[in-house]
Amino acid sequence: MSSIRYMHSAKCRPIWASVSAALVAGFLLTGASILGVPITHAQARGVPGPYVPPETDSSEFAKLAREGIRQFVAGQYQAAIENFSRAIKLEPDNALAYYHRGISYQRLRAQAEALSDFTVAIEKGPPNDFAYLNRGAVRAKLGLLLEAESDFNAALKIDPTRPDTYYNRSLLFLKTNRIQMAIDDITTGIGLNPKDAKAYYLRANALEMLHRHDEVRRDLDEALRLDPTFAPARRLLDSLNHK
C-alpha cells in the first residue's frame with residue numbers, strides 16, 4: 001500500500017454484503033470505502049501537498065504521523081491513537097491529525113471520542129468531506145439522524161462526485177422511510193461508478209421495499225454480471241424467483 005494513496009485499499013472497499021432483508025437494521029456500514037480512510041492533504045480540498053509526511057521529513061511530528069498511519073493500516077488502532085495524540089500535542093492545529101485519530105477511534109467503536117475528533121477536524125479546516133461523512137456516520141449510530149443528514153449534505157457540497165457519500169446518505173433515507181430519495185441517491189452513485197456490483201445490490205434492496213420486482217431483478221442481474229461470485233445478490237434473486 002502506498003504511503004500516499006489509501007483510497008483504493010482492499011481493506012477500505014465497501015462491504016454492502018451485510019445489507020439484505022435487514023438492510024435498515026444494519027444502517028451505516030463502517031466498512032464503506034469512504035468511512036475510516038486515511039487521507040492526504042491533496043484529497044482534502046484546498047490544501048496542497050501530501051498530508052502523510054515524506055520519509056525525508058525527519059521532524060518528530062512527521063515520524064509520529066507516519067507511524068500512526070502505518071499502525072492504522074495494520075489494524076493497531078490503539079497504538080495509532082497514541083501516536084496521533086502525541087502528534088497533536090506537537091501541532092494542536094493540525095486538522096487532519098484529529099481526523100486520523102478520529103477514524104482510529106471509529107474502528108474501536110469509541111463513538112464519542114470519534115465524534116469529538118471529527119468535529120475538531122471540521123472546525124480547524126480545511127474543508128474535508130471525509131470528516132463530515134465520518135461524523136455523519138457516527139451521529140447516525142448515536143441516533144442523531146438530523147445532524148447526520150446535515151453532515152452528509154455538507155460532504156456532498158464539498159465533493160459531489162464520491163459515490164459512497166450518496167450510498168451512505170441513502171441508508172439514512174431508508175432508515176427514515178424516504179425510500180424513493182434513497183433510490184435516487186443510489187442511482188446517482190451508480191451513475192458516477194457504474195461498475196460497482198454492490199451498489200446495484202443496495203438499490204435492489206431499496207426497490208424491493210416498494211415491491212418493484214422487475215427493477216429488482218434487473219439490478220440483481222447486473223450485480224451478478226459484474227460479480228458472478230456475489231452470493232447475497234444470488235440469494236436475493238433466488239428468493240424472488242421462488243415467490
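Here the structure is shown first, and the text comes after it.
Residues numbered from 1 in each chain as written. Predicted model: local features only at pLDDT ≥ 70, side-chain atom pairs only at ≥ 80, totals over all residues. Heavy atoms only, no water.

J.: How should helix H9 (residues 179–192) be read in this particular structure?
T.: Since the α-helix turns once every 3.6 residues, residues separated by three or four places project in the same direction. In a regular helix each residue adds 1.5 Å, so 14 residues correspond to 20 Å; H9 covers 20 Å between its end C-alpha atoms and thus fits that length. Among the residues of H9, Ile179, Ala182, Ile183, Asp185, Ile186, Gly189 and Ile190 are the ones counted as buried. Viewed end-on, H9 has its buried residues packed into an arc of 160°, placing them on one side of the element. Buried residues belonging to H9 abut helix H8 (163–175) and helix H10 (197–209). (Helix = DSSP H or I, 4+ residues; strand = E, 2+ residues; numbered from the N terminus. Expected span 1.5 Å × (residues − 1). Buried < 20%, exposed > 50% of the residue type's maximum accessible area, 1.4 Å probe, protein only. Arc of directions from axis to C-beta. Contact = heavy atoms within 4.5 Å.)

J.: What is the right way to read helix H5 (residues 111–124) from this model?
T.: If you check H5, its first and last C-alpha atoms are 20 Å apart, about what 14 residues at 1.5 Å a residue would give, namely 20 Å. Along H5, the residues that are buried comprise Gln111, Ala114, Leu115, Asp117, Phe118, Val120, Ala121 and Ile122. Backbone geometry just downstream of H5 places glycine 125 in the positive-phi region, at approximately 70°.

J.: I keep staring at the packing of helix H6 (residues 129–141) against helix H7 (residues 145–158) and nothing clicks. Help me out?
T.: Packed helix pairs are specified by the crossing angle of their axes together with the interaxial distance, meaning the distance between the axes. Where H6 contacts H7, the two axes come as close as 8 Å, and the packing angle between them is 165°. With respect to H7, the axis of H6 lies roughly antiparallel. Where H6 crosses over H7, the handedness of that crossing is left-handed. In this structure, H6 contributes Asp129, Tyr132, Leu133, Arg135, Gly136, Ala137, Arg139 and Ala140 to the contact, and H7 contributes Leu145, Glu147, Ala148, Asp151, Phe152, Ala154, Ala155 and Ile158. (Axes fitted to C-alpha atoms, helices over the stretch in contact; angles between N-to-C directions. Parallel < 35°, antiparallel > 145°, perpendicular 65-115°, else oblique. Left-handed = near helix turned anticlockwise from the far one by under 90°.)

J.: Looking at this model, I keep getting lost on the pattern of salt bridges. Mind explaining?
T.: Opposite charge on two side chains allows them to pair when their charged atoms are near. A full pass over the atoms with the stated rule returns twelve salt bridges. For arginine 162, the salt bridge identified is with aspartate 129, shortest N-O distance 2.4 Å. Linking arginine 162 in the loop between H7 and H8 with aspartate 129 in helix H6, this pair joins segments that are 33 residues apart in sequence. Each member of the pair, arginine 162 as well as aspartate 129, carries the same accessibility label: buried. Across the salt bridge formed by arginine 225 and glutamate 222, the nearest N and O atoms sit 2.7 Å from each other. (Salt bridge = Lys/Arg side-chain N within 4 Å of Asp/Glu carboxyl O.)

By themselves these figures say nothing about function.
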